[in-house]
Amino acid sequence: MMMNEKTWHFVHEHLDDDVRILALRGTKDDEVDLPMAIQQIAGRQMARRKLPSWAEVEGIIYPPHLNMEQCSSEQTARYKATIVNGQSDNGTFVDLTGGFGIDFYWLSQGFQHRYYIEQNEALCAVSSKNFALLGLDCTVCCRDAVAYLATMVEPVSLIYLDPARRNEHGGRTYSIEDCTPNVLKLLPLLMAKTNRVMLKLSPMLDWRKAVEDIQKLTDESQKRIAYVSEVHIISVDNECKELILLLSREQTKNMRLVCVNGASSFEVFPTRTNNPHPERDDLSLLEKRTFAIGETAFLYEPNASIMKAGCFEEVEIRYPVRQIAPNSHLFVSADEIADFPGRKFEITAISSMNKHELKAALPASKQANITVRNFPMTAQQLRQKLKMKEGGAVYLFATTLADNSHRLFICRKIG
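Keep in mind it's a predicted model, so treat the numbers as computed, not measured. (Residues numbered from 1 in each chain as written. Predicted model: local features only at pLDDT ≥ 70, side-chain atom pairs only at ≥ 80, totals over all residues. Heavy atoms only, no water.)

A. View of the overall build of the protein. Of regular secondary structure, the protein possesses 16 helices and 16 strands. With respect to the three principal axes, the spread of C-alpha positions in the protein is 70 × 65 × 40 Å. Taking all 415 residues of the protein together, 51% fall into the buried category. Per element, the accessible surface of the protein, about 20,600 Å² overall, is 49% carbon and sulfur. Separation of charge centres in the protein, based on 49 positive and 52 negative side chains, amounts to 6 Å. (Helix = DSSP H or I, 4+ residues; strand = E, 2+ residues; numbered from the N terminus. Buried < 20%, exposed > 50% of the residue type's maximum accessible area, 1.4 Å probe, protein only. Areas by Shrake-Rupley, 256 points an atom, 1.4 Å probe, with all protein chains shown as cover. Lys, Arg positive; Asp, Glu negative; His and termini not counted. Charge placed at Lys NZ, Arg CZ, Asp CG, Glu CD.)

B. Focus on the sheet that holds strand β13 (residues 342-351). Judged by pairing direction, the sheet is mixed, and its 7 strands sit side by side in the order β11-β12-β10-β13-β16-β15-β14 without closing on themselves. Each edge of the open sheet is held by one strand with a lone partner, namely β11 (322-323) and β14 (367-373). Sheet analysis places β14 next to strand β15 (residues 389-400), joined by 7 bridges and oriented parallel. Across the sheet, the residue bridging to N369 is Y395, located in β15. Sitting on the sheet, helix α16 (residues 379-386) touches β14, β15 and β16 (406-414), and the angle it makes with β14 is about 135 degrees. (Pairing = 2+ DSSP bridges. Contact = heavy atoms within 4.5 Å. Axes fitted to C-alpha atoms, helices over the stretch in contact; angles between N-to-C directions.)

C. How the structure looks around the nonpolar core. Counting residues in hydrophobic clusters, the biggest one holds 51 residues, and the most contacted among them are L96, I159, L190, W207, I214, V231 and L245. When residues of this core are assigned to their parent elements, the largest contribution, 6 residues, is made by helix α10 (residues 183-193). Not counting chain neighbours up to four residues away, the residues in contact with L245 comprise V197, M198, L199, L201, A210, I214, V228, E230 and V231. With 41 residues, the next largest nonpolar core counts M46, A47, L107 and Y116 among its residues. (Core = buried A, V, L, I, M, F, W, Y, C linked by side-chain atoms within 4.5 Å.)

D. Spatial organisation of the pairing of strand β10 (residues 298-302). Most of β10 is tucked away: 5 of the 5 residues are buried. Side chains F298, Y300 and P302 project from β10 onto one buried face, and the interleaved L299 and E301 project onto a second face that is buried too. Here 5 bridges tie β10 to β13, and the two strands are oriented antiparallel to one another. By the bridge assignment, L299 is partnered in β13 with F345.

E. Representation of helix α3 (residues 34-50) within the structure. If you check α3, its first and last C-alpha atoms are 24 Å apart, about what 17 residues at 1.5 Å a residue would give, namely 24 Å. Across the 17 residues that make up α3, a large majority, 12, are buried. For α3, the set of buried residues is L34, M36, A37, I38, Q39, Q40, I41, G43, R44, M46, A47 and K50. Tucked inside the fold, the buried residues of α3 contact α1 (5-13), α2 (19-25), α4 (52-55), α5 (65-70) and α6 (74-84). (Expected span 1.5 Å × (residues − 1).)

This is the structure:
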């Protein structure tokens, strides 16, 4: 994975250029490895937004586009490192599915011994060079994850596993047993080599089923093989990116479920005992509030991680809000909740689907951002019916109330 001086020079000359145009234009210099140059330019451009720290390091080699797409972002890798921060005990960390090495780099920081395992020879070569540039002292081993695990003798502090979520035809797989390697089959061997495993899964996976599938596995004596101590649902810019499970041989008193969106986190359970808003946990006070449709002033849409977790009752307990209806997953309140974990809106009008009501409530600009929740039309179908363009400062939420009537909430975004 070495590049000659001419190729390096070409890369630096065209760092900000459109790689599609560069590929079509080509180069007259036969000493320039154009495919490699294009790969490095595209990789550096993606790294600027996905891996800003690495993008600043001169000499970093970037893998093919697919590997860049599949690797964790710096933001999610740093968050995963905080999960094990303080628990490294200066011991040994093993990443069985090293890939481009983003997760390995940040997760391994607190450990004295670091082992990067990857079966792809090209990725091993790239990662080995990059780790040296980054000053990371580690062992790089080009080997199949299962084969390496079987040869491990001494137990290690933490094993990290990000199983491939594509089948032999390139199609996506979402269940644990369809990933490569199959974690459920590998679990007895994993837990024999460590007390803690961090598992990265598809954000499309049902976290409850994932926990159930893992915790129902038992050995010959019917003893449970592993317990899920923590579940972290990670979103970036309100897009669900990763489902992280932390496994242990010992049963913990309470499993943690944490919903993360950027710098914001919402711990679903165990429920916080030292709540910064104790009055919001008083259910009797919440029951006294009146959230009649005509009196509400604010609407809230939980962030992607909370939507994925499905912990809507916990949101009602934690904040003085009420769901519009059981299946709407939208909340309303009489007062503004500044720290609500999601998007916040001020309700300016509420309308039924009656033509006269709609005419009075909808913006004169005939432009709005439309979201549908538990509604008989798609956003596009509703947009066509209302003859409205996309965009603007108006946000329209279409949903179904508890009495099965349909309502449109016309709002303006806060913050």
